[in-house]
Every structure is written in structure tokens, then in C-alpha cells.
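Below are the chains, spelled out letter by letter.
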Amino acid sequence: MSGHDQRFKVLLKEFFPEFLTLFFPERAARFNFSRINWLDKELFADPPQGDLLEVDLVAQLVLRDKTSGLPAEAVALVHVEIESRDSVETLRRRMFEYYETLRRRHNCPVLPIAVYLRVGLDGIGVDGYEEHFDDLDVLRFRYLYVGLPGLDAELYVQGGNWLGVSLSALMRVPRFRRAWLRSEALRRLVVEYRDNEYRQRLLLECVEAYAELDEEQQRVYQELLQTEKYKEIQPMMMTTYEKGVAKGLEQGVAKGLEQGVAKGLESARRMLQGQLAQRFGPLHATTLETINSLPPERLEQIGMALLNAKSLEELGLPK
């Protein structure tokens, strides 16, 4: 779960205006995105002895609308919570607790939003938490939500919002169309995306992580990669691998921590295994064991040679 959370924190933080514009355009029109102040993720419910509440993302923005009676430089908070569980029950009360703490601490309007990775509900809507005493409605709290599995992937992958193209990997699509969805999302991000390389890599990594394919769709995907329309994806995949290896190792070494190095190597091995499986099909246990025993320099050599290799044997790996 923490892996999902961290990936989406980075992605949504980088594409925050696009996120609000994509799913809540009317709400997005209320904010000035030229000045975003990201607040500390840790909040104490009742400091100094209270429980520690850790929120995912809290952005402080200036409100645009001056007709509401608010000061010209009035600010508001947008709180985004990412839920990777397959249930929304536990999050509902926590959303209220987060809201109450943020509202009390900062004394300004707060817009709460939940992003569900595994629960669709109505796709985009309003959810909430309530408390009652007998027939008395003591509390009625509401927040916005995005249930990615409840949205139409084909609509978003063909849209003009690049974050939507990337997030289509988590949206609803018929099983027989999953290979096409992965291919089309990657193609658009490789061929049509014109922003900086770092942002492109974040979008591509999301597609590669979540557009999962079963064995049959993997074969379809490989066939699509041989067609004229999608042939540009393969070089991109190699580039993504190389950058992932370099980034993982660089971060580990820079920290000077054994744990950091181990995580970098583990990430590089997982990425290489995924690229090999996409190229040659499911990997045998012996192949996986070999990859897990290779040193960093050998992983990089295989990664560099993968693009032109015709078989696992050419890469020096057991079949």
C-alpha cells in the first residue's frame, strides 16, 4: 500500500492543477495555481499528547473569486487522501478527522478529496461520514472523491489531459482491450507528450505499473508492438528501464546507506524482470533466480542489450 501511496503523492503533486481540472473543473477554477504551498504531512489531532494523523497531500492555494466576500488574498486548503484498499469504510471517518484538524489548525476553508485506487463507486462524486444519536443527525460531513476503477479508461486515454491518459491504466476497460489500452497510453505519452522529461517519466511509470496484462493479453500486447503505430514504444521502454536503474542506484549510493542500495538494486531487478517478461513471455523460476543474483553492472549490461536481443540465451540467461 505504501508503494501506491508514494507513487501517487509524487504524481499528483507534480500534476496538481491537471488533477483538479481533470476531475473537478468547476472547483479548479476557484484557485490560483501559480502559488502552491505544500504543507507538512504530519498533523497532531490534540497536541502535544494527541494521536498523530498523517495525511497524504495538503496544498495551500489562493482563491481566485473575489465576489464571495473573502479577502483578496484569501487562502484555502485542498486535502487529497489516496486510498489503495479495496474498501472505503475506514477512510470515511479518517477524512472527517483530517478535515477537522486542518480546519481548526489553519482556520481557513478546506476542500477534502479522496482518490480511490481500487473502488469505483460512481467514478466521480461525493462521499461522506455521519454520526447519529438516536434520531438526531449529530454530524454530516461530505467530501469529493474520484473512484478510478469506476471511470471509462477509453475516454480518458484519448483525452487532452495527460494525467488522465496516465491514470487510464487504473480505470475500467474490458479485459480484451487492456493490451490496446496499455499500448495507446504509452504511445501517446511517448509520441505526443511535449513537456519535460521528468514529468513524462512519471506518467509513463504509472502506466507501466498499473496497466497489468494476463498471459493472453500479454501476447496481444507483443503483437501490437510489432505494428507500425506502436513500434516507437519499444525504444521508450528501454529508456525507461535504464533511467530506473540509474535512479535507483544513484539514490542508494547518494544516501550512503546499505538499505538504500538494496532498494535500488531490488527496483532495478524488478524492472528488468518486467521488461524481459514483456519481450519473451513469462520467466522461468531459474531465470528469476539468476537475475536476483546478478551484480548491478551485469543488470545494466543486460538492460542495454535487451532492445536487440532475440532470446534469453543471447543475454546469457537460462530459458
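Check the entry above for the structure.
The paragraphs below set out a description of the structure included in this document. Everything numeric in this text was worked out from a predicted model, so none of it was measured.

Checked against the element boundaries, Thr21 lands in helix H2 (residues 16–23). On the basis of relative accessible area, Thr21 is assigned to the partly exposed category, the value being 41%. Sequence separation of Thr21 and Asn161 is 140 residues, and the distance between their C-alpha atoms is 8.7 Å. Within the structure, Thr21 has its side chain in polar contact with the backbone oxygen of Pro17 (distance 2.7 Å).

Bringing the packing of aromatic side chains into the picture now. Applying the stated criterion across every chain, the model contains 13 aromatic pairs. Grouped by ring-pair contacts, the aromatic residues Phe16, Phe19, Phe23, Phe31, Phe33, Trp38 and Tyr156 constitute a single cluster. Of note, Arg177 hangs over the ring of Trp180, and the distance from its end group to the ring centre comes to 4.1 Å. Here the guanidinium or amino end of Arg182 rests over the ring plane of Tyr221, the centre of that ring lying 5.1 Å away.

The subject of this paragraph is a nonpolar patch on the surface. On the surface, Phe133, Leu136 and Val138 cluster together to form a nonpolar patch covering roughly 330 Å² of accessible area. Mapped onto the secondary structure, Phe133 falls in strand S7 (residues 124–133). Phe133 gets classed as exposed once you look at its relative accessible area, which sits at 58%.

Read from one edge to the other, the open sheet built from six strands follows the order S1-S4-S5-S6-S8-S7, with strand pairing classed as mixed. At either end of the open sheet lies a strand with only one pairing partner, and these are strand S1 (31–38) and S7. Strand-to-strand, the axes of this sheet are offset by a mean angle of 35°, without reference to chain direction. Two strands pair when backbone bridges link them, and S7 and strand S8 (residues 136–147) are joined in this way by 10 bridges, in the antiparallel orientation. Residue pairing across strands places Asp127 opposite Tyr143, the latter belonging to S8. Each of S1, strand S4 (57–63), strand S5 (75–83), strand S6 (110–116), S7 and S8 touches H2; the most contacted strand, S1, lies at about 130° to it. Seen against the sheet, helix H4 (residues 89–106) touches S4, S5, S6, S7 and S8 and runs at an angle of roughly 155° to S5.

The next point concerns the nonpolar core. In this structure, Phe19, Phe23, Leu148 and Leu167 are the most contacted members of the largest nonpolar core, which totals 58 residues. Excluding anything up to four places from it in sequence, Phe23 contacts Ile124, Val146, Leu148, Leu151, Tyr156, Leu167 and Met171. Formed by 13 residues, the second largest nonpolar core is a distinct cluster that contains Ala268, Leu272, Leu299 and Leu306.

Turning next to the pairing of S4. S4 sits mainly inside the fold: six of its seven residues count as buried. When S1 meets S4, the two strands line up antiparallel, connected through five bridges. Paired with Phe31 across the two strands is Leu63, which belongs to S4. As judged from the six bridges shared by S4 and S5, these two strands associate in the antiparallel manner. Across the sheet, residue Leu57 finds its bridge partner in S5, namely Val80.

Parameters and conventions
- Residues numbered from 1 in each chain as written.
- Predicted model: local features only at pLDDT ≥ 70, side-chain atom pairs only at ≥ 80, totals over all residues.
- Heavy atoms only, no water.
- Helix = DSSP H or I, 4+ residues; strand = E, 2+ residues; numbered from the N terminus.
- Buried < 20%, exposed > 50% of the residue type's maximum accessible area, 1.4 Å probe, protein only.
- Polar contact = N/O pair within 3.5 Å; in protein donor to acceptor, adjacent residues only side chain to side chain.
- Phe/Tyr/Trp six-rings, centres within 6.5 Å; stacked < 30°, edge-to-face > 60°.
- Lys NZ or Arg CZ within 6 Å of the ring centre and 35° of its normal.
- Patch = residues over 30% accessible without salt bridge, like charges linked within 9 Å, V, L, I, M, F, W, Y side chains within 5 Å.
- Areas by Shrake-Rupley, 256 points an atom, 1.4 Å probe, with all protein chains shown as cover.
- Salt bridge = Lys/Arg side-chain N within 4 Å of Asp/Glu carboxyl O.
- Pairing = 2+ DSSP bridges.
- Axes fitted to C-alpha atoms, helices over the stretch in contact; angles between N-to-C directions.
- Contact = heavy atoms within 4.5 Å.
- Core = buried A, V, L, I, M, F, W, Y, C linked by side-chain atoms within 4.5 Å.

Shape is all these values report; function is a separate question.
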